[in-house]
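Next come the chains, spelled out residue by residue.
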Amino acid sequence: DGGITQSPKYLFRKEGQNVTLSCEQNLNHDAMYWYRQDPGQGLRLIYYSQIVNDFQKGDIAEGYSVSREKKESFPLTVTSAQKNPTAFYLCASSIDRWGHNEQFFGPGTRLTVL
Amino acid sequence: AQSVTQLDSHVSVSEGTPVLLRCNYSSSYSPSLFWYVQHPNKGLQLLLKYTSAATLVKGINGFEAEFKKSETSFHLTKPSAHMSDAAEYFCVVSERNQGGKLIFGQGTELSVKP
């Protein structure tokens, strides 16, 4: 089946630890995105990548890092510098880089900092 | 700068009655507009999209939306609500040629009473 997978579904982290969230897509999409969702709020963009080996900061990039070494993979690292990392994280991809088409979303990873 | 305002944070309807979820947008250029639905602890699913073709857009599960440029609105409607429609709905605008970045509304929670 084609689609976007995120793992793990639930993740627990101790304060001060870095943690990496996985996002993989087999849709052959150029663009990939990471969003953060907090209760009662819309999604906020963390990072995005329009092409392999290139990525851009979104609106709330501080405390996060990404890489895009392969077209199908866009992992997100939540570093200890992120002051309030507990949230629901969603990865998305799109066939085009310019916003003409919709984004397809993964099932999400819920991160809880203990 | 572009923005999206969903006018109701929560809407409650009875099963079998019409649904109206309101959305206003602000955009400097001709936008692409989307409605997404999110069930609890799930990713987002595209309901429908407007990309400068027909102003009345039909989506999945009986939903439709009308793009009204003069009113900068993109309200979502459904003639008859079903229990399975209970979810969070997001109105989203994409500014073209801006890296495919999406701007999300705050979301409207739809409750459906039996």
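Not measured: the values here are computed from a predicted model.

(A) Focus on a nonpolar patch on the surface. Residues and elements named next belong to chain A. On the surface, a cluster of nonpolar side chains totalling about 380 Å² of accessible area is made up of Tyr10, Phe12 and Leu114. Looking at the element boundaries, leucine 114 is found in the segment after strand S11 (109–113). For leucine 114, a relative accessible area of 62% puts it in the exposed group.

(B) Looking closely at the pattern of salt bridges. All names here are of chain A. Summed over the entire model, instances satisfying the criterion amount to seven salt bridges over all chains. A salt bridge links aspartate 30 to lysine 71, with the nearest nitrogen and oxygen atoms 3.4 Å apart. Of the two residues, aspartate 30 is situated in the loop between strand S3 (19–25) and strand S4 (31–37) and lysine 71 in the loop between strand S7 (64–66) and strand S8 (76–78); the sequence distance between them amounts to 41 residues. With relative accessibility at 22%, the residue aspartate 30 sits in the partly exposed group. Residue lysine 71 is classed as partly exposed on the basis of its relative accessible area, which comes to 25%. Two residues, arginine 44 and aspartate 38, come together in a salt bridge whose shortest N-O distance is 2.7 Å. Several salt bridges share partner residues, and in doing so they unite Arg36, Asp38 and Arg44 into one network.

(C) Quick peek at the state of the cysteines. Counted under the stated rule, the structure contains two disulfides over all chains. Across a sulfur-sulfur distance of 1.9 Å, A:Cys23 and A:Cys91 are joined as a disulfide pair. Measuring handedness by torsion sign, the sulfur bridge of A:Cys23 and A:Cys91 sits at about -75° and is left-handed. Remark: A:Cys91 occurs in strand S9 (residues 87–94) and A:Cys23 occurs in strand S3; sequence separation between them is 68 residues. For B:Cys23, the disulfide goes to B:Cys91, at an S-S distance of 2.0 Å. Of note, the bridge from B:Cys23 to B:Cys91 carries an S-S torsion of about -70° and is left-handed in sense. Here the residue B:Cys23 occupies a position in strand S4 (residues 23–26), and B:Cys91 occupies one in strand S10 (residues 87–94), the gap between them amounting to 68 residues. Each of the two residues, B:Cys23 as well as B:Cys91, counts as buried.

What counts and what doesn't
Residues numbered from 1 in each chain as written. Chains lettered and ligands numbered in written order. Predicted model: local features only at pLDDT ≥ 70, side-chain atom pairs only at ≥ 80, totals over all residues. Heavy atoms only, no water. Patch = residues over 30% accessible without salt bridge, like charges linked within 9 Å, V, L, I, M, F, W, Y side chains within 5 Å. Areas by Shrake-Rupley, 256 points an atom, 1.4 Å probe, with all protein chains shown as cover. Salt bridge = Lys/Arg side-chain N within 4 Å of Asp/Glu carboxyl O. Helix = DSSP H or I, 4+ residues; strand = E, 2+ residues; numbered from the N terminus. Buried < 20%, exposed > 50% of the residue type's maximum accessible area, 1.4 Å probe, protein only. Disulfide = S-S within 2.5 Å.

What is shown is where atoms sit, not what they do.
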